[in-house]
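Reading the structure
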Amino acid sequence: MTHPITNPNIQKIQEYGSGSYLTSDVTVLLDIVDKNAVADVPVSQKEALIQSGQRHYSDMLTLEHAPTAMHEQLYQQALAQGTTRTATDIANLAYTLHHIFQQTVSTERPLILVSLVRAGLPVGVLLQRALADTNSSYALPSVHYGISIIRDRGLDPVALQMILDAHPDSTIIFVDGWTGKGAIYQELALSLDVFSDPNHPNFANIFHQGENVIPLLTLADPAGVAWLAASEEDWLIPSGLLNSTVSGLISRSLYTEPQSGLHRSVFYDNLVAVDHSLAFVDHIDSTRRALSTSPQYLQTFEQPRYQTAALIDTLAAEYDISNRNRIKPTIAEATRAILRRDPERILLATADHPDTVLLRHLCSERDINITVLGAKILPYQAITLIKQRATDRS
């Protein structure tokens, strides 16, 4: 469902693009810059600059290349394996949102989905399509945006204010793909603290579930920090295996000072031929519409449970890691860290779990040590430990 465009702030926002998604799927509030104008920093050099404190990770980009044939094959296997689960999870999330907001949301006051770029984008697009499905039991007027959030630097305040100006009477839900340690949740909470005073004019837009409730929705929440999640399991979410080619061909975001405008990103037009973004959401969405099971109402939480904080503390002590940013838990984050960072070793719960096939293949390809720790690292199936440099301040 969409609402009529009468607000000039909405008209201004809609001048922004949607990556390789449909304009009805999402409006991505990023300043898209030419990739040729961005320095392509090799992983090893980037790691040294990050850990020495010379540069922040959001000041640099290692440009993406097309996934290898093996990578593509394993993505397709993950998609075949996880289609029904993803579709069911999206239906359950949409049904729960409908149940909570059906009395307060309307065409004039749509629910605002704000996906955190990039992992939140595929989930947000799927939710937007589910809520727009008038043949379902959970249709709800909604509008979907994608905005940047960067560790240590927060949510893009310019983008968020644009949304608040365009939808002054609407409720906002933040959408991410999964939680790892809960670091992005904490970043989100810090960024939203300015709105937490009940007298703030935008308090009700964000803190509609209570004075201390950060309305974060995720597909998977092993860290135990989301307000609403489809599950708390670390499982092979298909979209977690790819980067830009399942996230609208948008790069990881680059930081911009608020006075200078929106956070920046690169659009990988050179990867159009291998882009799965629309095909992924079309496939999951058609499966959702064909589900024979009734959607289920999911539990919500007013406070984060931090279910894995003690485990992260234990691993940090055992591997002498002072900087928790070097610990990348969940299958998705562990895999992405191998592709984007300089890993020291991989920790697995099970030596031959089908959900870690790509991870193990990448380790074999790059001669990265694997340590199997069994139930000790559950609920995570995989954790990547980033290699420590001589000086570590990242």
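This write-up is about the structure you can find in this document. Everything numeric in this text was worked out from a predicted model, so none of it was measured. (Residues numbered from 1 in each chain as written. Predicted model: local features only at pLDDT ≥ 70, side-chain atom pairs only at ≥ 80, totals over all residues. Heavy atoms only, no water.)

Section: the pairing of strand β7 (residues 216-220)
The buried fraction of β7 is high, at five of five residues. Sheet topology places strand β6 (residues 172-178) next to β7; four bridges connect them, and they run parallel. When the sheet's bridge partners are listed, F174 is paired in β7 with L216. Pairing analysis gives three bridges linking β7 to strand β8 (residues 228-231), with the strands arranged parallel. (Buried < 20%, exposed > 50% of the residue type's maximum accessible area, 1.4 Å probe, protein only. Helix = DSSP H or I, 4+ residues; strand = E, 2+ residues; numbered from the N terminus. Pairing = 2+ DSSP bridges.)

A short note on helix α4 (residues 120-131)
With twelve residues, α4 should cover 16 Å at 1.5 Å per step; its first-to-last C-alpha distance of 16 Å lies within 8% of that length. Of all twelve residues in α4, twelve are buried; the element is thus mostly enclosed. Listed as buried for α4 are G120, L121, P122, V123, G124, V125, L126, L127, Q128, R129, A130 and L131. (Expected span 1.5 Å × (residues − 1).)

Brief notes about the packing of aromatic side chains
Centre distance and the angle of the planes are the two values used to describe a pair of aromatic rings. Under the definition given, this model contains three aromatic pairs. Ring geometry for F101 and W227: centres 6.4 Å apart, planes at 55 degrees, overall tilted. Of this pair, F101 sits in helix α3 (residues 69-101) while W227 sits in the loop between β7 and β8, and the two are 126 residues apart along the sequence. You'll find F101 and W227 in the same group, each marked buried. Sitting over the face of the ring of W235, R85 holds its NZ or CZ atom 4.3 Å from the ring centroid. Sitting over the ring of F301, R305 keeps its end group 3.6 Å from the ring centre. (Phe/Tyr/Trp six-rings, centres within 6.5 Å; stacked < 30°, edge-to-face > 60°. Lys NZ or Arg CZ within 6 Å of the ring centre and 35° of its normal.)

A look at the packing of α4 against helix α8 (residues 277-289)
Here α4 crosses α8 at 40 degrees, and the two axes come no closer than 10 Å. Taken as axis vectors, α4 and α8 run oblique relative to one another. As for how α4 packs across α8, the hand of that crossing is right-handed. Between α4 and α8, the residues in contact are P122, V125, L126, R129 and A130 and L278, F280, V281, D282, I284, D285 and R288, respectively. By residue class, the composition of the contact of α4 with α8 is eight nonpolar, no polar and four charged. (Axes fitted to C-alpha atoms, helices over the stretch in contact; angles between N-to-C directions. Parallel < 35°, antiparallel > 145°, perpendicular 65-115°, else oblique. Left-handed = near helix turned anticlockwise from the far one by under 90°. Contact = heavy atoms within 4.5 Å. Nonpolar A, V, L, I, M, F, W, Y, C, P; charged D, E, K, R; others polar.)

Structural notes on the sheet that holds strand β13 (residues 382-386)
Pairing is mixed across the open sheet formed by four strands, whose spatial order is β10-β13-β11-β12. Looking at the sheet topology across the chains shown, the edges are occupied by β10 (327-329) and β12 (369-372). Here the strands of the sheet are splayed against their neighbours by 20 degrees on average, with no regard to which way each runs. As paired elements, strand β11 (residues 343-348) and β12 share four bridges and run parallel to each other. What sits directly across from R345, in β12, is N369.

Comments concerning the packing of α3 against helix α11 (residues 357-366)
At their nearest, the axes of α3 and α11 sit 10 Å apart, and the two run at 165 degrees to each other. Judged by the angle between their axes, α3 and α11 are roughly antiparallel. Both α3 and α11 take part in a crossing whose hand is right-handed. On the side of α3, the interface is formed by M70, H71 and L74, while α11 contributes V357, L358 and H361. Of the residues contributing to the contact of α3 with α11, the split by class is four nonpolar, two polar and no charged.

A look at the environment of N202
Tracing the backbone through its elements, the reader meets N202 in the loop between α6 (183-192) and α7 (203-206). Take N202: its relative accessible area is 11%, and that puts it in the buried class. Separated by 33 residues in sequence, N202 and D169 have C-alpha atoms that sit 8.7 Å apart.

Considering the nonpolar core
L97, L111, L127, I173 and L217 are the most contacted members of the largest nonpolar core, which totals 47 residues. Secondary structure elements with two or more residues in this core: α3, β3 (111-117), α4, β6, β7, β8 and α8. With nine residues, α3 is the largest single contributor of residues to this core. In this structure, L217 is in contact with L93, L97, V123, L127, I173, F174, V175, D176 and L228, ignoring residues within four places of it in sequence. If you look at the next biggest cluster of nonpolar residues, it comprises 43 residues, including A223, L262, L315 and A316. (Core = buried A, V, L, I, M, F, W, Y, C linked by side-chain atoms within 4.5 Å.)

As for helix α2 (residues 43-51)
Buried residues of α2: K46, E47, L49, I50 and Q51, and no others. On its buried face, α2 sits against α10 (331-340) and β13. Positive backbone phi, approximately 80 degrees, marks G53, located one or two places after α2.

Looking at the pattern of salt bridges
Counted by the stated rule, this structure contains 15 salt bridges. In this structure, the salt-bridge partner of R85 is E233, at a minimum N-O distance of 3.3 Å. Of this pair, R85 sits in helix α3 while E233 sits in the loop between β8 and β9 (264-266), placing them 148 residues apart in sequence. Judged by its relative accessible area of 45%, E233 is partly exposed. Linking D152 and R151 is a salt bridge whose minimum nitrogen-to-oxygen distance equals 3.7 Å. We classify R151 as buried; its relative accessible area is 13%. Ionic contacts of the salt-bridge type, sharing partners, join the residues D133, D285, R288 and R289 into one network. (Salt bridge = Lys/Arg side-chain N within 4 Å of Asp/Glu carboxyl O.)

Read these as spatial facts, not as claims about activity.
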